[in-house]
Amino acid sequence: MFLVLPLAGIVARTPWSALPGLLTSDLVTDAIRLSLITSTLATVMAAVIGVPLAWLLARVEFRGRSLVRSLVTLPMVLPPVVGGAALLFALGRRGLIGEPIYEATGLLLPFSIWGVVIANTFVAMPFLVITVEGALHTLDQRYEGAASALGAGRLTIFRRITLPMIWPSMVAGLVLTWARAFGEFGATITFAGNLQGRTQTLPLAVFVALESDRDTAIAVSLVMVAVSLFALVSLRGRWWRTR
Amino acid sequence: MIGNGLEARIRIRRSESFGVDVELSVLPGETAALLGPSGAGKSTVVAVLAGLLPLDEGRIELAGTPLDDPAAGVFVPADHRKVGVVFQDYLLFPHLDVADNVGFGLRSRGVGRDETEERVRGWLTRLDLTGLADRKPSHLSGGQAQRVALARALITEPDALLLDEPLSALDVVTRARLRRTLATHLDGFAGPRILITHDPTEAFLLADRVLVIEDGSITQEGTADDLRLRPRTNYAAEVAGTNLYAGSATNGRVKVGDHTLHVADTLIDGPVLVGIKPTAVSLHRQQPEGSPRNSWRTTVEVMERLGDRVRIRTGAPLPLTVEITVAAADALGLVEDAPAWVAIKATEMSVESDDPR
């Protein structure tokens, strides 16, 4: 009841007849496009950084491993606003790394589309790392040993044995990461701002519209609920089929 | 040929309380079995020989090339060794079909797609696997999976073949049949072969020489006969003790070579394995009365004292290892080369089909 009621609230208040018009307004189409692009880019970035990281955490023993593991999962429990602020202090125009980058290249990460991608990646990547690391732990490592005895190097083993064997979990992790990035609000608004067409993603658009235009807010919320549900349902289907 | 074999002095600590300290020397064309209970260090030996685990001390040399020599700073990792391994449970890659499993080693070593395909086809034919190339391992029978594992290990033309419990993944019925096909395939491999097993039957039937490993060290080494006659540990006495004969059964009679044994099971038919415990045989100075049907005249060949027991090896027509008490041996006045009568009750012999279908 507690879980369904808010959803029912959205559905009940949806102005169905005006829906097409509301969803094709500039504010909404800009936000949809931006959200799709940034959450996809964030997922790609999370995969590029997160999968090797998960492999390192699961397969290589090194000093400070548990510290790294805590750091990786920190964004999951940190309030996103704090995450955004931390990113600002690090990568902002006056930030720790942001300042030298800005002075050298004139590149300003905050308040740009890349700011959105970075904020999304920061918040969503832990989902991928945790899922993939878990899968790597569950995988029978003797298969990797067998591949090694057959003459395969580390990279070949990862590409031809490890990755295909953890593929279902990998996909699940990617979907979760994408869904989390898609719904990201706090870190994005803090680090990337709220500029329509540049950094205003769907959740930010809902926030703005709630002040001025309730119907649009509800319409966009409905879209978000639909997308998130779709992601989770497709995930479920995959899990049921493969396990 | 000497120098092409495997020479290994393995010294490695696995934990505070457990380490392995083993010496192995296997000639080309020879099958050595490493027989031991679980936890004896067999898997460690496999991992070390395959290159998945470096030695603490010692040296491994194969075909004249050092593979691991910590003192000299030599360690050839698994992917650069020419050691073919048939792993316990086979470990066929579940997401690859049979052809890709078999071709994996060649592809990993940089052999081209076309050549790999051709060589895979050759090995599939050789191991009677044609028609299964597109199957996934989950759709193979135990015997097929074993042959795929063999083909996968042999296709890279390794210098040594390592078989880790190659039959333990199978049910008892399939095991006997596959043991014999495995023996045929082993004969086709020219390098040294090492068989890791906890099953004495497997060790005695497949290997030329058996090394008993217990608690990380070799406690005994020799042929099946040596082990039966002079078991050095309780484990060896227990597992190696049983006299084992392959024969052919009809109507409660089993022909072993020229000799006929009478067994209790009159229904069993075809190839069988007959097991006779050394304690189940009785020795007599004259032909025993009431004459049990399995009774024959022979000579005492060797006598070995084993605590308060004596193990006796008898000669033709059917060599047997017999265990009796020292007191009984004294009472019978048994000495080496003396004649004696053996008697075995039919019910004391185990008979197991060696060709189930």
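Chemist: Quick question: what am I supposed to make of the overall build of chain B here?
Modeler: Broken down by element type, chain B carries nine helices and 21 strands. By principal-axis analysis of the C-alpha atoms, chain B measures approximately 75 × 50 × 35 Å. The long-range share in chain B, meaning contacts at least 24 apart out of those at least 6 apart in sequence, stands at 65%.

Chemist: Honestly, the pairing of strand β8 (residues 160–164) of chain B in this entry has me stumped. Any pointers?
Modeler: A regular strand places its side chains so that they alternate between the two faces of the sheet. β8 of chain B sits mainly inside the fold: five of its five residues count as buried. Of the two faces of β8 of chain B, the one holding Ala160, Leu162 and Asp164 of chain B and the one holding Leu161 and Leu163 of chain B are both buried throughout.

Chemist: In this structure, what is going on with the sheet that holds strand β17 (residues 294–306) of chain B? I would like to understand it.
Modeler: Pairing between the strands of a sheet is mediated by backbone hydrogen bonds and can be parallel or antiparallel. Residue and element names in this part refer to chain B. As summarised here, the arrangement of the five strands in space is β16-β20-β17-β18-β19, forming an open sheet in which the pairing is antiparallel. On the outer flanks of this sheet lie β16 (281–284) and β19 (320–325), each paired with one strand and no other. Pairwise comparison of adjacent strand axes, ignoring direction, gives a mean angle of 45 degrees for this sheet. Two strands pair when backbone bridges link them, and β16 and strand β20 (residues 339–344) are joined in this way by four bridges, in the antiparallel orientation.

Chemist: What is the right way to look at the interface of chain B and chain A in this model?
Modeler: Interfaces are often sized by the amount of accessible area the parts lose when they come together. Across the contact, 16 residues belong to chain B and 15 residues belong to chain A. Of all the secondary-structure elements, those providing two or more residues to the side of chain B that touches chain A are β7 (83–86) and α2 (98–108) of chain B. Ranked by residues supplied to the side of chain B that touches chain A, first place goes to α2 of chain B with three residues. Classifying every residue of the side of chain B that touches chain A gives nine nonpolar, four polar and three charged.

Chemist: What is the right way to read the packing of helix α8 (residues 142–149) of chain A against helix α9 (residues 154–182) of chain A from this model?
Modeler: Describing two packed helices takes the angle between their axes plus the distance from one axis to the other. Residue and element names in this part refer to chain A. At a minimum axis separation of 10 Å, α8 and α9 run at an interaxial angle of 155 degrees. By the angle between their axes, α8 is roughly antiparallel relative to α9. In this structure, the crossing between α8 and α9 has a hand that is right-handed. Contact residues: Tyr143, Glu144, Ala147 and Ser148 in α8; Ile157, Ile161, Thr162 and Met165 in α9.

Chemist: Would you mind showing me how to read the domain arrangement of chain B here?
Modeler: Residue and element names in this part refer to chain B. Assigned domains within chain B: domain 1 (6–240) and domain 2 (243–353). With centres defined by C-alpha atoms, the gap from domain 1 to domain 2 works out at 34 Å. The partner domain 2 presents eight residues to the six residues of domain 1 that form the contact. Listing elements by their share of the side of domain 1 that touches domain 2, those giving two or more residues are α6 (200–206) and α7 (224–229). Class assignment of the residues belonging to the side of domain 1 that touches domain 2 gives a composition of three nonpolar, one polar and two charged.

Chemist: Looking at this model, I keep getting lost on the environment of tyrosine 102 of chain A. Mind explaining?
Modeler: Residues and elements named next belong to chain A. Within the secondary structure layout, tyrosine 102 lies in helix α6 (residues 98–105). The partly exposed category is assigned to tyrosine 102, around which 17 C-beta atoms lie within 10 Å. Remark: the alpha-carbon pair of tyrosine 102 and glycine 92, spanning 10 residues in sequence, is separated by 8.7 Å. Tyrosine 102 has contacts with Arg93, Leu107 and Leu108, leaving out every residue within four places of it along the chain.

Thresholds applied
Residues numbered from 1 in each chain as written. Chains lettered and ligands numbered in written order. Predicted model: local features only at pLDDT ≥ 70, side-chain atom pairs only at ≥ 80, totals over all residues. Helix = DSSP H or I, 4+ residues; strand = E, 2+ residues; numbered from the N terminus. Contact = placed C-beta atoms within 7 Å. Buried ≥ 20, exposed ≤ 12 C-beta atoms within 10 Å, placed from the backbone. Pairing = 2+ DSSP bridges. Axes fitted to C-alpha atoms, helices over the stretch in contact; angles between N-to-C directions. Nonpolar A, V, L, I, M, F, W, Y, C, P; charged D, E, K, R; others polar. Parallel < 35°, antiparallel > 145°, perpendicular 65-115°, else oblique. Left-handed = near helix turned anticlockwise from the far one by under 90°. Domains from an automatic or database assignment.

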